[in-house]
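Coordinates in review
One letter stands for each residue in the lines below.
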Amino acid sequence: MNRICTFGGSRRYLKEIAMHRSLRALLLVVAGWLLSSCASSPVSTTADYDRSADFGAYRTFGFFDPLGTDSAGYESLVTQTLKSAVQREMEARGYRYGETQPDLLINFNARLAQQTRVSQTPAPPPMYYGYRRGYYGGWGGYGYETRVDQYTEGTLNIDIVDARRKQLVWEGVAVGRVTKKSQEDRQAAIRAAVAEIFAKYPFKAGG
């Protein structure tokens, strides 16, 4: 009896692991859609850096292993596109890619969050035949509609870390509203989002 129970528990455990991996894989697919949506809609980008870091000493870069977008246990298509786009931006600034003891390590992640926005707008004028016009109006809040807008917001983070000190030295963030409009070229959209973030990176290799 004990053997049967143990086997059943193991099967349930393996089933739960498979389910979690499927959910993670699904999240990566959604994240890819998110990134392409963000790139085509209004995006807010911010960046900050460690003022005490000597950016002039950095000349090489590599990537974290595993990256934040590889929570499913394998390198996703989203990760491949992000790595290619980030490498292009870094090399354009004079950095050299190196797998062995690079000066900088780069990590990135994407997430989704549900947001709610409440606003009031003037309601369409009611049909009162004009008998109030010019004499008096309604009380405060009269004639306004309250609208509740629920939407999905996507965030893309790019972290640059001093590999020797294991210290974050630069962070770029893009935040955008996820639209339902499908994107035909997801890779181009991701590259555009990365380019917007790196537009706020003011440093070059060795200088």
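Bear in mind that the values here come from a model prediction, so they are computed numbers and not experimental data.

Describing the side chain of Thr79
Relative to the helices and strands, Thr79 is located in helix H2 (residues 77–92). Each residue touching Thr79, except ones within four places of it in the same chain, is listed here: Leu67, Thr69, Asp70 and Phe108.

Focus: the environment of Ala193
Locating Ala193 in the fold gives a position in helix H3 (residues 186–198). Spatially, the C-alpha atoms of Ala193 and Leu82 are 9.6 Å apart, while their sequence positions differ by 111 residues.

Here we look at the pattern of salt bridges
Per the stated rule, a full pass over the model turns up four salt bridges. Close ionic contact of Asp48 with Arg51 constitutes a salt bridge, the shortest N to O distance being 2.4 Å. Judged by relative accessible area, which is 58%, Arg51 ranks as exposed. Across the salt bridge formed by Arg93 and Glu89, the nearest N and O atoms sit 2.9 Å from each other. Arg93 gets classed as buried once you look at its relative accessible area, which sits at 16%. Glu89 sits in the buried class, given a relative accessible area of 15%. Ionic contacts of the salt-bridge type, sharing partners, join the residues Asp50, Asp162 and Arg165 into one network.

Digging into the pairing of strand S2 (residues 60–63)
Remember that side chains alternate between the two faces of the sheet whenever the strand is regular. Of the two faces of S2, the one lined by Thr60 and Gly62 and the one lined by Phe61 and Phe63 are each fully buried. The pairing of S2 with strand S3 (residues 96–97) spans two bridges and is parallel. By the bridge assignment, Thr60 is partnered in S3 with Arg96.

Things to note about the layout of surface pockets
As a volume, the second largest pocket reaches approximately 240 Å³. Looking at the second largest pocket, it is lined by 16 residues, and the ones nearest its centre are Phe63, Phe64, Asp65, Pro66 and Lys83. For the lining of the second largest pocket, a count of residues per class yields eight nonpolar, three polar and five charged.

Things to note about the nonpolar core
One finds Val86, Met90, Ile106, Ile158 and Ile160 to be the most contacted residues of the largest nonpolar core, which totals 28 residues. Elements that contribute at least two residues to this core include exactly S2, H2, strand S4 (104–122), strand S5 (144–162), strand S6 (167–177) and H3.

Topic: the confidence of the model for the protein chain
Mean pLDDT over the protein chain stands at 75; residues scoring 70 or higher make up 59%. Per-element averaging of pLDDT across the protein chain places helix H1 (residues 2–40) at the bottom with 51 and S2 at the top with 97. Long-range and interchain partners of residues 1–7, a stretch whose pLDDT sits below 50, account for zero contacts in this model, where long-range means more than four residues apart.

Examining the packing of aromatic side chains
Summed over the entire model, instances satisfying the criterion amount to 14 aromatic pairs. Taking the centre distance of 6.5 Å and the plane angle of 75 degrees together, the rings of Phe55 and Tyr201 count as edge-to-face. On the criterion of sequence distance, the pair formed by Phe55 in the loop between strand S1 (43–49) and S2 and Tyr201 in the segment after H3 is long-range, its members being 146 residues apart. We note that Phe55, like Tyr201, is buried. Plain terms: the ring middles of Phe55 and Phe203 are 3.8 Å apart, the flat faces sit at 5 degrees to each other, and that makes the pair stacked. Of this pair, Phe55 sits in the loop between S1 and S2 while Phe203 is found in the segment after H3, placing the two residues 148 residues apart along the sequence. With a relative accessible area of 5%, Phe55 lands in the buried category. Taking relative accessible area as the criterion, Phe203 reaches 15% and is therefore assigned buried.

Some points on unusual backbone geometry
Negative phi characterises most residues that are not glycine, and trans characterises most peptide bonds. Cis geometry is adopted by the peptide bond preceding Pro66, which originates at Asp65 and carries an omega value of 5 degrees. Relative to the helices and strands, Pro66 resides in the loop between S2 and H2. At Gln101, a position not held by glycine, the phi torsion is positive, near 45 degrees. In this structure, Gln101 sits in the loop between S3 and S4. Classification of Gln101 as exposed rests on a relative accessible area of 73%. The phi dihedral of Lys166 is positive, around 55 degrees, even though this residue is not glycine. For Lys166, the location among the structural elements is in the loop between S5 and S6.

The rules we used
- Residues numbered from 1 in each chain as written.
- Predicted model: local features only at pLDDT ≥ 70, side-chain atom pairs only at ≥ 80, totals over all residues.
- Heavy atoms only, no water.
- Helix = DSSP H or I, 4+ residues; strand = E, 2+ residues; numbered from the N terminus.
- Contact = heavy atoms within 4.5 Å.
- Salt bridge = Lys/Arg side-chain N within 4 Å of Asp/Glu carboxyl O.
- Buried < 20%, exposed > 50% of the residue type's maximum accessible area, 1.4 Å probe, protein only.
- Pairing = 2+ DSSP bridges.
- 1 Å grid on protein atoms, 1.4 Å probe; cavity = no way out; pocket = protein on both sides within 12 Å on 5 of 7 lines; lining within 4 Å.
- Points joined across faces, edges and corners; volume = space filled by probe spheres on them.
- Nonpolar A, V, L, I, M, F, W, Y, C, P; charged D, E, K, R; others polar.
- Core = buried A, V, L, I, M, F, W, Y, C linked by side-chain atoms within 4.5 Å.
- pLDDT = per-residue confidence, 0-100.
- Phe/Tyr/Trp six-rings, centres within 6.5 Å; stacked < 30°, edge-to-face > 60°.

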